[in-house]
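The lines below spell out each chain.
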Amino acid sequence: MGLPAGFQWGVATAAYQIEGAVAEDGRGPSTWDTFAHTPGRVAGGHTGDVACDHYHRWPEDVALMADLGVDAYRFSIAWPRVQPAGSGAVNPKGLDFYERLVDGLLERGIAPAATLYHWDLPQPLEDAGGWMERDTAHRFAEFAHLAAERLGDRVATWITLNEPVVVMAYGYAFGVYAPGRTLMLDALPVAHHQLLGHGLAVRALREHGARQVGLTNHYSPAWARDASSDADRRAAGAFDDLMNRLFTDPVLGGGYPVELPAGVVRDGDLAVISAPIDFLGVNYYQPTRLAAPAEGSPLPFDMVGIEEHPKTGMGWPIVPDALLSLLRTLDTTYGDRLPPLYITENGCSFPDAVGPDGTVDDADRIAFLDAHIAAVRTAVDEGVDVRGYFAWSLMDNFEWAEGYGPRFGLVHVDYATQRRTPKRSFAWYRDLIAASRA
Ligand code: GBH
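Residues numbered from 1 in each chain as written. Predicted model: local features only at pLDDT ≥ 70, side-chain atom pairs only at ≥ 80, totals over all residues. Heavy atoms only, no water.

### Re the overall build of the protein chain
Consideration 1: Summing up its helical and strand segments, the protein chain has 14 helices and 13 strands in all.
Consideration 2: Whereas a compact globule of 438 residues would reach a radius of gyration of roughly 22 Å, the protein chain reaches 20 Å, a difference of no more than 12%.
Consideration 3: The principal-axis extents of the C-alpha atoms in the protein chain amount to approximately 55 × 50 × 45 Å.
Consideration 4: Looking at the 438 residues of the protein chain, the share that counts as buried comes to 59%.
Consideration 5: Sequence separation of 24 or more characterises 77% of the internal contacts of the protein chain that already satisfy a separation of 6 or more.
Consideration 6: As presented, the protein chain carries roughly 16,100 Å² of accessible surface, and 51% of it is formed by carbon and sulfur atoms.
Consideration 7: Looking at charge distribution, the protein chain has the averaged site of its 35 positive side-chain charges lying 2 Å from that of its 57 negative ones. (Helix = DSSP H or I, 4+ residues; strand = E, 2+ residues; numbered from the N terminus. Rg over C-alpha atoms; globule rule 2.2 N^0.38 Å. Buried < 20%, exposed > 50% of the residue type's maximum accessible area, 1.4 Å probe, protein only. Contact = heavy atoms within 4.5 Å. Areas by Shrake-Rupley, 256 points an atom, 1.4 Å probe, with all protein chains shown as cover. Lys, Arg positive; Asp, Glu negative; His and termini not counted. Charge placed at Lys NZ, Arg CZ, Asp CG, Glu CD.)

Spelled out as C-alpha cells, the structure:
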C-alpha cells in the first residue's frame, strides 16, 4: 500500500523565525521582540530583527518552494503586523504582505496553510497579563476574524494555534521562551485560555466559510526511566497528561485530564473548545524520558536524558519509532473522535555548512527525514489517517532561545549575505515528492 491519493507534501516556517522587518509597515512589538532584546535570554544575543529577511525576499523563497515541488506551504501570520496593539486598530499593510505572499503561492500552484498564532503575541496584550487572562482568547478570535475576512477567499487551510503546550510550559511555566515567566503549575490557565481562543477562532473562521480548520499540537511520547518503578511511571503519566493530553482531550470532546484552578473553566467553555475540527496537526521531534521528581520539586516529573539513541546537532535523540507509536496511540486513544492527521512539523538541526564546492552535504538530515517518513507510511499502512507531511523547515531560521546556531532548513541561509543554498536534502525531498506522484 502507498500513501493515499492527494497526500500533501509541504514545508513549514513561522513568522518571527524568518520574516525580520520587525519595525516595518506598522508592525508592533511582540513578546518575542521583547524577550530577544532582553540580555541573557537568547543565545548569542540574537534577535529576529532581520532573521531571513523573508519579508522582502519572499518571492525568492516562493520560487525555491516551486523548485522543491511542494503541494503546500505552512507559514504563520504575525498578529502584531495585523493588529499592532493586539486589539482595536487594524494595520492594512500587515495584511497586504500576507496577501502578496498568498497570491504568489497560488500562482505557483502551492496551497497556503496559514497558522494564526506561532508564539508572537502583541506585547500590549502581554502587558495586560497575556495568556493568563481570559480576555486574550477573545482578542485572538477577533484577529482570526480579521485574517479570514481578508484572506479567506484564497487560504483554504487554517491552523489556529501552534503548540499551545510550548507557550504554556516553556513560556509561562519554565521561563525559557517568551514571555519568560516561571509560574510552574500556576501556568495552567494559559492552556485553557489558548484553547478557548482556539475554539472561538474556529467559530470566526467558519463564519468566513473556512472548511479546513485545525489545531497543531506538539507531541512528545513520555517514557518512564524505569518501567518497573511505579514512581517513574507516575511521572511519565503526569508528563503525558500535562504536555500531550491537556491540549488534545478537550478539543476532541473529552474533559481536561488534569484539574484546572477553580473559576478558570466556565460553563459552556468546553463546548466552544470541542467545536469540530477538520484535522489535527501533529508536530513531532523526539520522545521525553521521565523520572520521579525530587522531594519538593514544583513539577510532578523530572526530565532526564535519553542516551541510547543517536542525536541531532542539538543533542535531541533520533527515534523515528516513537513517531510511529505516537500515531498509533493517537488513533487508539481517540478512535472515531480523531480527525484526519497532518504531520505539520518534523525535522532536525545539524551544524550544516556550505562546503568548498558550494554544496551542503547534509546526509544526516536525509537519513532523519527518510526514517520518519517511513514511520508515517507504516502508520498509514496500518490504517492511521495521515493526509500530509510538512518538513520543518524550508530554510535555516531563528531557533527561538537558541538563536541562529541550530540549522533546521532544507535550504541553508548565510545570514551575512542572506544567500540561500539548497542543501542535498532539498534535492532528496524534491525527488521523493516527484516520485510519489509518478
Ligand atoms: C517546534 O517546537 C516549533 O514549532 C518551531 O517553531 C521550532 O523551530 C521547531 O519546533 C524546532 O525546535 O529549552 O532545552 O528545554 C518544538 C518543541 C519545545 C523544542 C521546547 C525545544 C525547548 C528545549 N520545542 N524545547 S529546552
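So much for the structure itself; the text now carries on.
### Digging into the UniProt feature "binding site: substrate" (unreviewed entry) in the protein chain
Consideration 1: Summarizing the sequence annotation, UniProt attributes the feature "binding site: substrate" (unreviewed entry) to Gln17, His118, Asn162, Tyr285, Trp392, Glu399 and Trp400 in the numbering used throughout.
Consideration 2: With respect to the element layout, Asn162 can be found in strand β4 (residues 157–162).
Consideration 3: Sequence-distant contacts of Asn162, that is, excluding residues within four places in its chain, are made with Arg74, Thr115, Tyr117, His118, Trp119, Thr216, Asn283 and Glu345.
Consideration 4: Polar contacts involving the side chain of Asn162 include one to the side chain of Arg74, which spans 2.8 Å.
Consideration 5: With respect to the helices and strands, the residue Tyr285 is situated in the loop between β7 (279–284) and β8 (288–291).
Consideration 6: Apart from the residues lying within four places of it in its own chain, the contact partners of Tyr285 are Glu163, His218, Trp316, Pro317, Glu345, Asn346, Gly347, Phe368, Trp392 and Phe408.
Consideration 7: Among the polar contacts listed, one links the side chain of Tyr285 to the side chain of Glu345, at a separation of 2.6 Å. (UniProt positions renumbered as here; feature names shortened; annotations may be inferred. Polar contact = N/O pair within 3.5 Å; in protein donor to acceptor, adjacent residues only side chain to side chain.)

### Thoughts on helix α3 (residues 54–68)
Consideration 1: The end-to-end C-alpha distance of α3, which contains 15 residues, comes to just 17 Å, noticeably less than the 21 Å that a straight helix rising 1.5 Å per residue would cover.
Consideration 2: Maximal helix bending in α3 amounts to about 35°, located at Glu60.
Consideration 3: Buried within α3 are the following residues: His54, Tyr55, Trp58, Asp61, Val62, Leu64, Met65 and Leu68.
Consideration 4: Looking one or two places after α3, you find Gly69, whose phi comes out positive at around 85°. (Expected span 1.5 Å × (residues − 1). Bend = angle between axes of the 7 residues up to and from the residue.)

### Structural notes on the environment of Met395
Consideration 1: Structurally, the position occupied by Met395 is in the loop between β11 (386–392) and β12 (411–414).
Consideration 2: For Met395, a relative accessible area of 0% translates into the label buried.
Consideration 3: Each C-alpha atom of the pair Met395 and Arg420 lies 8.1 Å from the other, and the pair is 25 residues apart in sequence.
Consideration 4: With residues up to four places along the chain from it excluded, the contact list for Met395 reads Ile18, Cys52, His54, Asp61, Gly409, Leu410, Val411, Val413 and Arg420.

### Here we look at the environment of Asp186
Consideration 1: The topology assignment puts Asp186 in the loop between α8 (164–173) and α9 (188–207).
Consideration 2: The sequence separation of Asp186 and Pro92 amounts to 94 residues, and the corresponding C-alpha distance is 37 Å.

### Regarding the sheet that holds strand β1 (residues 8–12)
Consideration 1: An order of β1-β2-β3-β4-β5-β7-β10-β11 is seen for the eight strands of this closed barrel, with the pairing classed as parallel. If you compare each strand with its neighbour and ignore which way they point, the axes differ by 25° on average.
Consideration 2: Where strand β10 (residues 341–345) and β11 come together, three bridges link them in parallel fashion. What sits directly across from Ile343, in β11, is Tyr389.
Consideration 3: Contacting β3 (111–117), β4 and β5 (212–219), α9 runs over the sheet at an angle of about 165° to β4.
Consideration 4: Most of the contacts of helix α13 (residues 363–381) go to β11, to which it runs at about 170°, and overall it touches β1, β7, β10 and β11. (Pairing = 2+ DSSP bridges. Axes fitted to C-alpha atoms, helices over the stretch in contact; angles between N-to-C directions.)

### Description of the environment of Asp357
Consideration 1: Relative to the assigned elements, Asp357 resides in the loop between β10 and α13.
Consideration 2: Along the sequence, Asp357 and Arg407 sit 50 residues apart, while their C-alpha atoms lie 20 Å from each other.
Consideration 3: Within the structure, Asp357 has its side chain in polar contact with the side chain of Thr359 (distance 2.9 Å).

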